[in-house]
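# Secondary and tertiary structure notes
Single-letter residue listing:
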Amino acid sequence: MPNSATPTHCPYCALQCGMNLTPGSAGGVAVVERPDFPVNRGALCGKGRTAPAVLSSSVRLTTPLVRKAGVLEPASWDEALDRIAEGLTRTRTEHGPDACGVFGGGGLTNEKAYTLGKFARIVLGTSQIDYNGRFCMSSAAAAGMKAFGLDRGLPFPLEDIPKTGCVVLVGSNLAETMPPALRYLTELKDNGGTLIVIDPRRTRTAEQADLHLAPRPGTDLALALGLLHVIVAEGRTDEEYIRERTSGWEEARAAAMAHWPEYVERITGVSVPELRAAVRMFCEPESAMVLTARGPEQQSKGTDTVGAWINLTLATGRAGRPLSGYGCLTGQGNGQGGREHGQKADQLPGYRKLVDPEARRHVAEVWGVDPDSLPGPGRSAYELLDALGTDIKSLLLMGSNPVVSAPRAAHIEDRIKSLDFLAVCDVVLSETAALADVVLPVTQWAEETGTTTNLEGRVLLRRRAITAPEGVRSDLEVMNELAARLGVEKGFATDPEEVFEELRRASAGGPADYSGITYQRLVEENGVFWPCPAPTQAADPAGEVHPGTPRLFLDRFATEDGRARFAPVSHRAAAEEPDEEYPVLLTTGRVVAQYQSGAQTRRVDELNAAAPGPFVELHPRLAERLGAAEGDPVAVVSRRGRAVAPARITTSIRPDTVFMPFHWPGEGRANTLTNPALDPTSRMPEFKTCAVRVEAVGK
Ligand SMILES: Nc1nc2c(c(=O)[nH]1)N[C@H]1C(S)=C(S)[C@@H](COP(=O)(O)OP(=O)(O)OC[C@H]3O[C@@H](n4cnc5c(=O)[nH]c(N)nc54)[C@H](O)[C@@H]3O)O[C@H]1N2
Ligand SMILES: Nc1nc2c(c(=O)[nH]1)N[C@H]1C(S)=C(S)[C@@H](COP(=O)(O)OP(=O)(O)OC[C@H]3O[C@@H](n4cnc5c(=O)[nH]c(N)nc54)[C@H](O)[C@@H]3O)O[C@H]1N2
Ligand code: SF4
Ligand SMILES: [Mo]
């Protein structure tokens, strides 16, 4: 139990709200306000407030489990770890290193994500590692890389939002997904700024908007092109900025000019006057921001779509200027850091590329291995899960619950069941852990120290407040023990600070440079924005401490020539458009009281009371056609399968669209229906649109 308040951060989303932990009854701690942390200034949502409930031993795992005669049975740590080492060794001997897969998560701390990537590459020698962040912000990351030469979710701190002239929020329901951040939008409006929300549903966030556009799901690319057409036609481009700070305008302009507002209206359902109104609101103030979240990103054209929205900021001279620009609202607790330090299929720490010989040399030296021994890039998350049981025979999973959260989940569940061997590290017995051969119970946020990097690119220190229950070990200890059993005795520290010191060196000189950040600084400064290089004698003889970089691109972009690149993109259809058999569009997302696959939040009474189960949101006109009343079970059927959940009838959704949250397993699992069509660049699945048929059940 903590003696006094321990300042730390919430275990859930990318806002990483600050909180203090004091002694309390739920899991040994109570959450109290931490007003000194600037991002949330003490405010928390219900998930953050109730997070200690998941620490309590009544809902969590406290002993390793090993499958015997088909049943998971309590076992000793030695037995469980030996079983995993055996399983992985057998696969490697019989099928080669690439038959061992590793799947990570954007909720893991930087130290864990870094160690997991290193473990895959130098202990298992496998190229087959990826993580759930691929399902999250990967399209925005890919588009940001293309346009700016660097991917950091927000290139400015949240505190800049209230000071801009107009915010366009594309497919973000932050009133439910990051409630304390709603304050920034309220302040924006108090300061005279305007808010445009683009969402097929009139969400709690859209209700705050000065202008809400409700396009058909999957048509954000056409919408952005139509807006650019109007901007050009009305002479609202910033020619000087375009000349001085960008490249590729002619091609992008030509593509946009083929997207007449009337044509865009037909594709999106957003009327020409609405398009013009949005352009006026966006262009008239001196500064403006475009922020995207999963709505436009989780599409089979997510990268091009985000590129088209970035184009709007470039054509109007907004990116890389004070109080202006494009940003992506990253989702998971360490969604930003988790994509920087090597658990991604094509990546080495510091956001380095696995195919870059210089990056391989640098990281191999830090790791004390031959650069040629490092494997090349592997499969993306969905492709990796889809290869389970065929090319990939054993899987080590840490920080994800794909049985609930992967697209085409019934198929993925089958793939997982067909593995020779599955090991899962988790804090609870998730739906995926329940299928494992070995489950290891690991420590959680309040029980361990580690860093996360929030959606602003601010590196933060989560501090240990309590001792974990007996029988529970940390993910770092697990990787250390497994490495030793697999013949690598050194290089897998169990002390997070020691791992962070190594990560600093591995990231030094990379795009996401953490080398100037220390735990000490994180405590003193309440977080540090990367890049933050260590002072070098040559560059900085005085050895002054780098202050970190809250704002990016103000002088130049991170591309070779310093210019931002327009994306030459054109509209294309979703992978699956409605037809006679499947005439309705399904889109999916979140509700405020549940988090992700629900593995953690479904174990909290207060949250379950607020959001007890799945539902199908549908328009009264569609409900009437089905003869379904509020609460009646309705079936949603796609080419992948069928899900049943109670109807929730509301005029806030388009009549051609139904919405399901994806937090639950079983009959109401939204991902039974979703389409795993992948974006060609980011390999993001099309969670946000597929064709379905809706049926009343029992009628
Ligand atoms: N309560 C809660 N908060 C969370 C999470 C959670 O699970 N629960 N998860 C965290 C994580 S990892 C993430 S990634 C973020 C996600 O945060 P958000 O992106 O805000 O969440 P979503 O609900 O997935 O999608 C946002 C909105 O996109 C809309 N949408 C659907 N299809 C389209 C489309 O085609 N175009 C447009 N423009 N909009 C569309 C949906 O109606 C929805 O309102 O939330 C984080 N915060
Ligand atoms: N239909 C549909 N599907 C979606 C989405 C959507 O919008 N629609 N969104 C996608 C997005 S954006 C995301 S981010 C994914 C998320 O979906 P998942 O990857 O399933 O994410 P979580 O439910 O957060 O799973 C995290 C698991 O790790 C465990 N865990 C938490 N902390 C730790 C830790 O420190 N160590 C270990 N070993 N385990 C830990 C938790 O208990 C939980 O079981 O879902 C995706 N799926
Ligand atoms: S908004 Fe996100 S970080 Fe803040 S308390 Fe809620 S879940 Fe935690
Ligand atoms: Mo996410």
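Residues numbered from 1 in each chain as written. Chains lettered and ligands numbered in written order. Predicted model: local features only at pLDDT ≥ 70, side-chain atom pairs only at ≥ 80, totals over all residues. Heavy atoms only, no water.

### Examining the packing of aromatic side chains
Describing an aromatic ring pair means giving the distance of the ring centres and the angle of the ring planes. Under the counting rule described, the total for this entry stands at 10 aromatic pairs. Here a set of aromatic residues connected by ring pairs shows up, and it is made of Phe-148, Phe-553 and Phe-557. Here the basic side chain of Lys-118 rests over the ring of Phe-492, its NZ or CZ set 5.1 Å away from the ring centre. Positioned above the aromatic ring of Phe-659, the side-chain terminus of Arg-201 is 3.5 Å from the ring centre. (Phe/Tyr/Trp six-rings, centres within 6.5 Å; stacked < 30°, edge-to-face > 60°. Lys NZ or Arg CZ within 6 Å of the ring centre and 35° of its normal.)

### A word on the site of ligand 3
Every residue lining ligand 3 is accounted for by Cys-10, Tyr-12, Cys-13, Leu-15, Gln-16, Cys-17, Leu-44, Cys-45, Lys-47, Gly-48, Pro-179 and Pro-180. Within the shell around ligand 3, the residues separate by chemical class into 9 nonpolar, 2 polar and 1 charged. (Near = heavy atom within 4 Å. Nonpolar A, V, L, I, M, F, W, Y, C, P; charged D, E, K, R; others polar.)

### Digging into the domain arrangement of the protein chain
Each assigned domain of the protein chain is listed with its residue range as follows: domain 1 (65-135 + 335-446 + 463-496), domain 2 (154-328) and domain 3 (584-696). Spacing between the C-alpha centres of domain 2 and domain 3 amounts to 26 Å. Contacts between the two partners involve 23 residues from domain 2 and, on the opposite side, 25 residues from domain 3. Counting the surface lost from both domain 2 and domain 3, the interface buries some 1900 Å², and carbon and sulfur atoms represent 53% of this. Taken together, the links from domain 2 to domain 3 amount to 1 salt bridge. A salt bridge links Glu-617 to Arg-201, with the nearest nitrogen and oxygen atoms 3.2 Å apart. At the boundary of domain 2 and domain 3, one finds 9 residue pairs in polar contact (both at pLDDT 80 or more). Within the residue set of the side of domain 2 that touches domain 3, elements represented by two or more residues are α5 (174-177), α12 (294-297) and α13 (302-315). For the side of domain 2 that touches domain 3, the element with the most residues is α12, which contributes 3 residues. (Domains from an automatic or database assignment. Contact = heavy atoms within 4.5 Å. Buried area = accessible area lost by both parts, 1.4 Å probe. Salt bridge = Lys/Arg side-chain N within 4 Å of Asp/Glu carboxyl O. Polar contact = N/O pair within 3.5 Å; in protein donor to acceptor, adjacent residues only side chain to side chain. Helix = DSSP H or I, 4+ residues; strand = E, 2+ residues; numbered from the N terminus.)

### A few points about the pattern of salt bridges
Per the counting criterion, the structure on display carries 41 salt bridges. Residues Glu-695 and Arg-642 are paired through a salt bridge, measuring 3.3 Å at the closest nitrogen-oxygen approach. Within this pair, whereas Glu-695 is found in strand β30 (residues 690-696), its partner Arg-642 is found in strand β26 (residues 642-649), the two being separated by 53 residues in sequence. Relative accessible area serves as the criterion here: at 46%, Arg-642 is assigned to the partly exposed category. Through salt bridges with shared partners, a single network forms among Asp-78, Asp-82, Arg-473, Glu-481 and Arg-485. (Buried < 20%, exposed > 50% of the residue type's maximum accessible area, 1.4 Å probe, protein only.)

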